[in-house]
Amino acid sequence: MYDLSHLRTFLAVSQTLSFTQAARRLGLRQSTVSQHVRRLEDTTGRQLFTRDTHSVELTEDGEAMLGFARRMLEVQEQASAFFTGTRLRGRLRFGASEDFVLTRLPEILEGFRSDHPEVDLELTVELSGTLHEQLDAGKLDLVLAKRRAEDSRGELVWHDKLVWIGAERLRLDADRPVPLIVYPPPGITRALALEALERQGRAWRIACTSGSLNGLIAAARAGLGVMAHSRGMVPPGLVRVPERVGLPELGEVDFVLVHGRRRVSAQGAADALAGAILAAGDRLHLRG
């Protein structure tokens with residue numbers, strides 16, 4: 001009933017919220033992406049996206065289709081691997097940024113280990129900036145992290161907006177420096193938060209520094225200050241700071257997969273894990 005190529009296109013659009021970015025990821029023309037989505041909507045008889053010249057958003061039916069599409073594509077990949085008899089082996093050094101500590105990335109990795117038991121997967125969890133440095137130094141084979149502004153490398157997993165978050169009861173005094181909860185350098189969200197406040201001419205102070213997302217969340221829940229974070233991954237117990245507070249816009253951020261220097265022994269495993277993450281990218285959000 002459902003064309004697998006249409007489902008792959010649907011997933012790419014739902015994760016990037018952009019027909020243009022989805023086309024780049026899939027190596028298709030934007031018109032082809034639009035055609036695939038339209039045909040899938042015709043097949044389901046439901047509208048899956050609301051879109052205008054500025055934004056693309058999933059409808060309720062689109063949200064429901066996410067799980068179905070992902071499972072159908074996973075079954076197809078499992079069947080293909082079984083009947084072609086391909087067995088991946090070797091050591092794969094994978095780095096994931098702290099952003100994914102509270103998401104369902106462990107489930108994706110568990111599924112990968114189940115499908116490829118002979119791959120020795122080594123996981124490194126670090127700041128995005130540190131992971132990019134380790135990748136450049138040849139210490140990692142694949143990285144899932146935020147993309148640095150000056151870096152064009154990487155395959156887009158999804159595009160998101162950065163927002164200010166904090167405890168619901170937190171109150172900020174407009175006459176006092178903004179208390180910040182931040183990662184240490186070279187944290188990407190740290191740099192973006194400081195740059196935004198500097199552009200606005202708003203005074204700030206560091207209220208908490210931690211290399212651990214759990215440490216930052218604990219400080220934010222205690223009401224020590226505000227932190228910059230991905231809109232789609234706001235941790236439980238924290239809320240977006242209201243716009244009336246007057247904090248500056250933080251801009252947007254790309255979460256990408258970046259391959260390191262190609263080691264023959266790791267190439268197949270890196271490609272397989274990258275494919276699994278791209279197919280299940282919606283599971284990395286904390287929404288719903």
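Structural data are supplied above this passage.
Let me sum up the structure you'll find in this document.

Calculation rules
- Residues numbered from 1 in each chain as written.
- Predicted model: local features only at pLDDT ≥ 70, side-chain atom pairs only at ≥ 80, totals over all residues.
- Heavy atoms only, no water.
- Helix = DSSP H or I, 4+ residues; strand = E, 2+ residues; numbered from the N terminus.
- Rg over C-alpha atoms; globule rule 2.2 N^0.38 Å.
- Buried < 20%, exposed > 50% of the residue type's maximum accessible area, 1.4 Å probe, protein only.
- Contact = heavy atoms within 4.5 Å.
- Areas by Shrake-Rupley, 256 points an atom, 1.4 Å probe, with all protein chains shown as cover.
- Lys, Arg positive; Asp, Glu negative; His and termini not counted.
- Charge placed at Lys NZ, Arg CZ, Asp CG, Glu CD.
- Axes fitted to C-alpha atoms, helices over the stretch in contact; angles between N-to-C directions.
- Parallel < 35°, antiparallel > 145°, perpendicular 65-115°, else oblique.
- Nonpolar A, V, L, I, M, F, W, Y, C, P; charged D, E, K, R; others polar.
- Arc of directions from axis to C-beta.
- Polar contact = N/O pair within 3.5 Å; in protein donor to acceptor, adjacent residues only side chain to side chain.
- Patch = residues over 30% accessible without salt bridge, like charges linked within 9 Å, V, L, I, M, F, W, Y side chains within 5 Å.
- Salt bridge = Lys/Arg side-chain N within 4 Å of Asp/Glu carboxyl O.

Some words on the overall build of the protein chain
When its secondary structure is counted, the protein chain shows nine helices and eleven strands. Over its C-alpha atoms the protein chain spans a radius of gyration of 20 Å, differing by no more than 12% from the 19 Å that the globule rule assigns to 288 residues. If one aligns the C-alpha atoms of the protein chain with their principal axes, the spans along those axes are about 65 × 45 × 30 Å. Scored against the burial criterion, the 288 residues of the protein chain give a buried share of 45%. The long-range share in the protein chain, meaning contacts at least 24 apart out of those at least 6 apart in sequence, stands at 76%. Roughly 14300 Å² of accessible area belongs to the protein chain as shown, and the carbon and sulfur atoms make up 48% of that amount. In the protein chain, the 38 positive side-chain charges and the 37 negative ones have mean positions that sit 1 Å from each other.

Considering the packing of helix 1 (residues 4-16) against helix 3 (residues 30-44)
Contact pair helix 1 / helix 3: the axes reach a minimum separation of 9 Å and the direction vectors enclose 110°. Here helix 3 runs roughly perpendicular to helix 1, going by the angle between their axes. Along its contact with helix 1, which presents S5, H6, L7, T9, F10 and V13, the element helix 3 presents V33, H36, V37, R39 and L40. Looking at the contact of helix 1 with helix 3, its residues break down into six nonpolar, four polar and one charged.

Remarks on helix 8 (residues 213-221)
Residues three or four positions apart in an α-helix share a direction because the helix packs 3.6 residues into each turn. Along helix 8, the residues classified as buried are L213, L216, I217, A219 and A220. The buried residues of helix 8 all sit within an arc of 160° when viewed along its axis, so they share a single face. Those residues of helix 8 that are buried are in contact with strand 7 (178-182), strand 8 (204-209) and strand 9 (227-230). Count one or two residues on from helix 8 and you reach G223, which has phi positive near 80°.

A short note on the environment of P184
Along the chain, P184 turns up in the loop between strand 7 and helix 7 (188-200). Given a relative accessible area of 24%, P184 falls into the partly exposed group. The spatial distance from the C-alpha of P184 to the C-alpha of C208 is 9.5 Å, given a sequence separation of 24 residues. The residues contacting P184, other than those within four sequence positions of it, are L127, R190, T209, S210 and G211.

Quick look at the environment of W204
Mapping W204 onto the fold places it in strand 8. Each C-alpha atom, one on W204 and one on L180, is 7.0 Å from the other, the two residues being 24 residues apart in sequence. Setting aside its immediate chain neighbours within four residues, W204 contacts P177, V178, L180, L194, L197 and E198. A distance of 3.1 Å separates polar atoms of two side chains, one belonging to W204 and the other to E198.

Structural notes on a nonpolar patch on the surface
Judged by side-chain polarity, V101, L102, L123 and V125 come together as a nonpolar surface patch covering roughly 280 Å² of accessible area. Looking at where L102 falls in the secondary structure, it is placed in the loop between strand 3 (90-97) and helix 5 (105-115).

Some details on the pattern of salt bridges
This structure, assessed with the given rule, holds eleven salt bridges. Two residues, E122 and R91, come together in a salt bridge whose shortest N-O distance is 2.8 Å. Highlighted residues: E122 in strand 4 (residues 119-126) and R91 in strand 3, separated in sequence by 31 residues. For E122, a relative accessible area of 36% gives the class partly exposed. Between R147 and D254 there is a salt bridge, and its shortest N-O distance comes to 2.8 Å. Of this pair, R147 sits in the loop between strand 5 (142-146) and strand 6 (155-166) while D254 sits in strand 11 (residues 252-259), and the two are 107 residues apart along the sequence.

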